[in-house]
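Secondary and tertiary structure notes
This is what each chain is made of:
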Amino acid sequence: QVQLVESGGGLVQPGESLRLSCAASGRIFSLYNMDWYRQAPGNEREFVAQATSSGSTNYADSVKGRFTISRDNARNTVYLQMNSLKPEDTAVYYCSAHYYTVRYWGQGTQVTVSS
């Protein structure tokens, strides 16, 4: 069982930055692939970024060049640095840990980009 707690969301203006954090419980954090997803009102949950257990990263096209995912296995934490935020980035952001067919989700943190 893995518990995930996101933090760092908030209200920012377009062009500003935020850093989200996701703290995980459990002893085998390093084995999990860690993802960030987001869900805007009326939309389906969509993939944002991934940091695999082997250290590689993947991004949705919509955030490439603006968002950076990183993980600190010693702290059981994954981060999402979000720069040059746009109003269309407004959503609830969810952290997810998965290992083969097992997937866990956090409760989400709200990010609102508005002037």
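Scroll up for the structure.
Keep in mind that what you see is a predicted model, and the values were worked out from it rather than measured.

1. Remarks on the state of the cysteines
This structure, assessed with the given rule, holds 1 disulfide. The residue that forms a disulfide with Cys-22 is Cys-95, at a sulfur-sulfur distance of 2.1 Å. Judged by the sign of its S-S torsion, about -80 degrees, the cystine formed by Cys-22 and Cys-95 is left-handed. Taken together, the positions of Cys-22 in strand E3 (residues 18–24) and Cys-95 in strand E9 (residues 91–99) put the pair 73 residues apart, joining distant regions of the chain.

2. A look at the environment of Asp-72
In this structure, Asp-72 sits in strand E7 (residues 67–72). Between the alpha carbons of Asp-72 and Thr-90 there is a distance of 26 Å; along the sequence they are 18 residues apart. In contact with Asp-72, not counting residues within four places along its chain, are Phe-29, Thr-77 and Tyr-79.

Definitions and cut-offs
- Residues numbered from 1 in each chain as written.
- Predicted model: local features only at pLDDT ≥ 70, side-chain atom pairs only at ≥ 80, totals over all residues.
- Heavy atoms only, no water.
- Disulfide = S-S within 2.5 Å.
- Helix = DSSP H or I, 4+ residues; strand = E, 2+ residues; numbered from the N terminus.
- Contact = heavy atoms within 4.5 Å.

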